[in-house]
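Geometric and topological summary
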Amino acid sequence: MRKWSVKWLTLLCAVALLAALGGNAIWGFSFLFTRTALQVTAVPAVLLSMRFGIAFLIMTGMILLGKGSFRLKGKKVAPLLFLGIVEPVCFLLETYGILYTNATVAGVVMAVSPIASIVMAALFLHEIPSRGQMLFCLLPVAGVILITVAGSDLGVVTTIGMLLLLGNCLMGGAYRTANRKSAETFTPFERTYAVV
């Protein structure tokens, strides 16, 4: 029985690692795809409207087909409204940041966002991070410093682009903190639908 449990635990860990790798790969490629799309349209507002419009249509279709539900009755909607405002602003800052820098720099700068999340979670949710969490959130800062120093070799890196990406990190931290708090009341589908 013990061997069976170890095999299942190993399989679950492997699936979790593959899911994390897949999610991070998609997240990383989104910077590359955004940069490519910006070279075609050169208008971040068009790109964002398409992104959110398609997501809205897909999620509304899921509701109509009975695959998802969006119920607000008896719930405080303020946290959901906050999510609905913060996430588009976050994407706007990210898209303009990528426009004024490049996909490599954007990906590395965005690696700093967990630090903003930890600080905001500590301030607003009173969740104190462990030493390990703090260490692994500070490691990406070294990458940001290296990329910033080597920025001239990576293509266009402007001050406004870096500021927009750092603003995105702060808004991302605010979004994650608010999302965690609103998870007490709203389902993942409801939170995602409110954002799109």
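Calculation notes
Residues numbered from 1 in each chain as written. Predicted model: local features only at pLDDT ≥ 70, side-chain atom pairs only at ≥ 80, totals over all residues. Heavy atoms only, no water. Helix = DSSP H or I, 4+ residues; strand = E, 2+ residues; numbered from the N terminus. Contact = heavy atoms within 4.5 Å. Areas by Shrake-Rupley, 256 points an atom, 1.4 Å probe, with all protein chains shown as cover. Patch = residues over 30% accessible without salt bridge, like charges linked within 9 Å, V, L, I, M, F, W, Y side chains within 5 Å. Salt bridge = Lys/Arg side-chain N within 4 Å of Asp/Glu carboxyl O. Buried < 20%, exposed > 50% of the residue type's maximum accessible area, 1.4 Å probe, protein only. Polar contact = N/O pair within 3.5 Å; in protein donor to acceptor, adjacent residues only side chain to side chain. Axes fitted to C-alpha atoms, helices over the stretch in contact; angles between N-to-C directions. Parallel < 35°, antiparallel > 145°, perpendicular 65-115°, else oblique. Left-handed = near helix turned anticlockwise from the far one by under 90°. Nonpolar A, V, L, I, M, F, W, Y, C, P; charged D, E, K, R; others polar.

As a further point, take the overall build of the protein. Counting secondary structure elements, the protein contains eight helices and zero strands. Going residue by residue from the N terminus, the α and β elements of the protein occur as α-α-α-α-α-α-α-α. By sequence separation, contacts in the protein at least 24 residues apart represent 85% of the contacts at least 6 residues apart. Here the protein has roughly 12400 Å² of accessible surface; of this, 75% comes from carbon and sulfur atoms.

The next point concerns a nonpolar patch on the surface. Taken together, the side chains of Val43, Val46, Met50, Ile54, Ile58 and Met62 present a nonpolar region at the surface, about 490 Å² in accessible area. Its location among the elements puts methionine 62 in helix 2 (residues 44–64). In this structure methionine 62 comes out as partly exposed when scored by relative accessible area, which is 32%.

This part is about the environment of lysine 75. Tracing the backbone through its elements, the reader meets lysine 75 in the loop between helix 2 and helix 3 (78–99). Sequence-wise, lysine 75 and phenylalanine 186 are 111 residues apart; in three dimensions their C-alpha atoms are separated by 8.2 Å. Not counting residues up to four positions away in its chain, the partners in contact with lysine 75 are Thr185, Phe186 and Glu190. A distance of 3.0 Å separates the side chain of lysine 75 from the side chain of glutamate 190, its partner in a polar contact.

Our focus in this paragraph is the packing of helix 2 against helix 3. Between helix 2 and helix 3, whose axes approach to 10 Å, the crossing angle comes to 135°. Relative to helix 3, the element helix 2 is oriented oblique. Viewed along their axes, helix 2 and helix 3 form a crossing whose handedness is right-handed. Counting all contacts with helix 2, which are made through Pro44, Leu47, Leu48, Arg51 and Phe52, the residues of helix 3 involved are Pro88, Phe91, Leu92, Glu94, Thr95, Tyr96 and Leu99. A per-class count over the contact of helix 2 with helix 3 returns nine nonpolar, one polar and two charged.

Remember that the coordinates give geometry; whether it matters functionally is a separate question.
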